[in-house]
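Coordinate analysis (summary)
Chain residues, written in single-letter form:
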Amino acid sequence: MNILVTGGAGYIGSHTCVALLEAGHSVIVADNLNNSKAETIDKIKQITNTEITFYQIDVTDETAVGAIFSQHEINGVIHFAGLKAVGESVEKPLEYYCNNLVSTMVLAKACQKYNVSRFVFSSSAAVYGDNTVPFVETMNLLPTTNPYGETKAMCERILTDIVKVNPAFSVSLLRYFNPVGAHESGLIGEAPNGIPNNLMPYVTQVAKGKLKKLKVFGNDYPTVDGTGVRDYIHVVDVAEGHVAALDHLMGGVHIYNLGTGRGTSVLELVSAFAEATEIKVPYEIADRRPGDIASCYADASKAKRELGWVAKRDIVAMCRDAWRFENKLL
Ligand code: NAD
Ligand code: UDP
C-alpha cells in the first residue's frame, strides 16, 4: 500500500517508516520539521535502501495536504504529526489544541474527499488518566491533567464520530505507553532538544556525562520500590504495531494499547541500564513531579488477540539500543 506518514521524520514516525518499507509498503512523509531533521529521511533511506517521498509541509495546511492527496494515490494515513511535550502544553494550550486537533481534522477531511479509508492515529496512555492498572481499552477514560492529553482524547472522539456516519472509514486508535530505545543500526532514535523531560533520554545523557545526576521524582508511591512505574516499550515494537494495525483495518473504530503489559519502576530501569551498559547512573531522590501518576501499564492482550502483535524486545534491549543511539549523536 501507499501510506502517507505525517510526522514521519520524528521519533516514532521514522521507525514506523522503516517497518512499513520493510513490510513492502511505499511511504510518503509529510513533516514540517518542527521537532525533527531532514537528515532523518536520509537515514530511513540508508537503513532500508529504499526511496521515500518527503514533503516539508504543515499538516494543518489544508491546501498543502490536498496537494499531496491529489498527486498520489494514497491507500492509508498514519498520523503521528503533533506536539507532545506535556509541560509545554500547559504553557501553550492554544498552540497544542490548534496543532493537534486541526491537523487531525484536515487529514480526515482529505481522506473523505479522496476516498482514503484507512487511518491510524497516535493516541496515548495519557487518555486513561489515573485509572486502575492495568489499563484496558474498554475502561472509561478519565480527565487528563494537561492540554496535551486532552488533545489525544478529543481526536479519538472526533475520529470516532466521523466513523459513526461513514462506516467505510476505518480508524485504528493506538494508545502508546512509553516508547523508548532506538533502531538497532543506531542511525535513528530520540534526540530531544534541550534537557530531556523523559526518563530514558535523561538516563542516557547522565551516562554520557552530558548531565550530572538523575533526579528520581518521588520514592513514596505505592509501587514495588516507591518510584513511579511505567510500561516502557521498544520503539521498533511500537513501529511494528502500526504495520499490524494497518493490515487489520476493515471498517469501524478499533482501539489498541501498544504496551508490553509489564510495569518497570524508575530504579528498575536504572538497574536494567547498568545491566545493558555496565554504567551505574548516579541518582538522587527528589520530590514527586506534579501531575505524575504512580503506575501506568497496559493490558496488552487485545492487540495480541486481534492483531497478532506482541512487544518482543525487553527492557535491557531498550536500554542497550537507547545507549547505542546516544553514542552515535554528535
Ligand atoms: P516527535 O516530535 O519526534 O515526532 C512528531 C513529528 O511531527 C515531528 O517530526 C514534528 O516535526 C512533526 N510535526 C508536528 N506538528 C506538525 C504539523 N502540524 N505538521 C507537520 N509536521 C508536524 O514525536 P514522537 O515521539 O515521534 O510522537 C509521535 C506521535 O505519537 C505524537 O502524536 C505523540 O503525541 C504521540 N505519542 C508519543 C509518545 C512518546 O512517548 N513519544 C507517547 C504517546 C503518544
Ligand atoms: N522520571 C524521573 N526522573 C526524570 C524523568 C522521569 O524520576 O528525570 C520518572 C517519572 O516521574 C515517571 C517515570 O520516570 O515515574 C517516567 O517518566 P517519563 O517522563 O519518561 O514518562 P511519563 O511520566 O510521561 O509516562
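The notes below deal with the structure included here. (Residues numbered from 1 in each chain as written. Chains lettered and ligands numbered in written order. Predicted model: local features only at pLDDT ≥ 70, side-chain atom pairs only at ≥ 80, totals over all residues. Heavy atoms only, no water.)

This brings us to the overall build of the chain. A count of helical and extended segments in the chain gives 11 helices and 14 strands. Here the C-alpha radius of gyration of the chain, 19 Å, is about what a compact globule of 330 residues would show, namely 20 Å. Once the C-alpha set of the chain is aligned to its principal axes, its extents read approximately 55 × 45 × 40 Å. Classification of the 330 residues of the chain by burial places 55% in the buried group. A fraction of 79% describes how many contacts in the chain between residues 6 or more apart in sequence connect residues 24 or more apart. Per element, the accessible surface of the chain, about 14600 Å² overall, is 50% carbon and sulfur. Across the chain, the 30 positively charged side chains and the 36 negatively charged ones have centroids separated by 2 Å. (Helix = DSSP H or I, 4+ residues; strand = E, 2+ residues; numbered from the N terminus. Rg over C-alpha atoms; globule rule 2.2 N^0.38 Å. Buried < 20%, exposed > 50% of the residue type's maximum accessible area, 1.4 Å probe, protein only. Contact = heavy atoms within 4.5 Å. Areas by Shrake-Rupley, 256 points an atom, 1.4 Å probe, with all protein chains shown as cover. Lys, Arg positive; Asp, Glu negative; His and termini not counted. Charge placed at Lys NZ, Arg CZ, Asp CG, Glu CD.)

To continue, consider empty space enclosed by the protein. If you walk through the whole model with that rule in mind, you get 1 cavity of 30 Å³ or more. Considering the residues around the largest cavity, the lining is formed by His 79, Phe 80, Ala 81, Gly 82, Asn 100, Thr 104, Phe 121, Lys 152 and Cys 155. (1 Å grid on protein atoms, 1.4 Å probe; cavity = no way out; pocket = protein on both sides within 12 Å on 5 of 7 lines; lining within 4 Å. Points joined across faces, edges and corners; volume = space filled by probe spheres on them.)

A separate point is the site of ligand 1. If you check the shell around ligand 1, you find 26 residues, and the closest are Asp 31, Asn 35, Ser 36, Asn 99 and Tyr 148. At 2.8 Å from an oxygen atom of ligand 1 is found a main-chain nitrogen or oxygen belonging to Ile 12. One nitrogen or oxygen atom from the side chain of Ser 36 is found 2.6 Å from an oxygen atom belonging to ligand 1. Burial of ligand 1 by the protein chains amounts to 94% of its free accessible area of 820 Å². Put simply, the parts of the chain that give the shell around ligand 1 at least two residues each are helix 1 (11-22), strand 5 (118-124) and helix 6 (147-165). With 3 residues, the single largest contributor to the shell around ligand 1 is strand 5. Along the lines of polarity and charge, the residues of the shell around ligand 1 split into 11 nonpolar, 11 polar and 4 charged. (Near = heavy atom within 4 Å. Polar contact = N/O pair within 3.5 Å; in protein donor to acceptor, adjacent residues only side chain to side chain. Nonpolar A, V, L, I, M, F, W, Y, C, P; charged D, E, K, R; others polar.)

The next thing to look at is the sheet that holds strand 2 (residues 26-30). Strand order in the open sheet made by the 7 strands is 3-2-1-4-5-6-11, with parallel pairing throughout. Edge positions in the sheet fall to strand 3 (53-55) and strand 11 (252-258), since each has one partner strand and no second. Pairs of neighbouring strands in the sheet enclose a mean axial angle of 20°, with direction left out of account. (Pairing = 2+ DSSP bridges. Axes fitted to C-alpha atoms, helices over the stretch in contact; angles between N-to-C directions.)

Now for the packing of helix 3 (residues 62-71) against helix 5 (residues 93-113). Packing of helix 3 against helix 5 brings their axes to within 10 Å, and their N-to-C directions diverge by 35°. By crossing handedness, the relation of helix 3 to helix 5 is classed as right-handed. Mapping the contact onto sequence places Glu 62, Val 65 and Phe 69 in helix 3 and Val 106, Leu 107, Lys 109, Ala 110 and Cys 111 in helix 5. Its residues assigned to classes, the contact of helix 3 with helix 5 shows 6 nonpolar, no polar and 2 charged. (Left-handed = near helix turned anticlockwise from the far one by under 90°.)

With that settled, consider helix 2 (residues 39-48). Spacing of three or four residues puts side chains on the same side of an α-helix, whose turn is 3.6 residues. Every buried residue belonging to helix 2 is among Thr 40, Ile 41, Ile 44, Ile 47 and Thr 48, and all of these are buried. Take helix 2 and look down its axis: the buried residues cluster within an arc of 125°, on one side only. Packed against the buried residues of helix 2 are helix 1, strand 2 and strand 3. (Arc of directions from axis to C-beta.)

Looking now at the site of ligand 2. With respect to spatial proximity, 15 residues lie near ligand 2, and among them Leu 199, Lys 215, Phe 217, Arg 289 and Asp 292 are the closest. A distance of 2.8 Å separates an oxygen atom of ligand 2 from a polar backbone atom of Phe 217. Coverage of ligand 2 by the protein amounts to 88% of the 510 Å² it exposes when considered alone. Looking at the shell around ligand 2, the elements with two or more residues in it are helix 7 (199-208) and strand 8 (214-217). By residue number, the principal contributor to the shell around ligand 2 is strand 8, which donates 4 residues. The residue makeup of the shell around ligand 2, split by class, is 7 nonpolar, 4 polar and 4 charged.

Okay, the nonpolar core next. Counting 39 residues, the largest nonpolar core has Leu 20, Val 27 and Trp 309 as its most contacted members. The biggest single contributor to this core is helix 8 (residues 235-247), with 8 residues. Leaving out residues up to four positions away in the same chain, Val 27 has contacts with Ile 3, Val 5, Cys 17, Leu 20, Leu 21, Ile 52 and Thr 53. Val 65, Leu 107, Ala 110 and Val 116 belong to the second largest nonpolar core, which has 28 residues in total. (Core = buried A, V, L, I, M, F, W, Y, C linked by side-chain atoms within 4.5 Å.)

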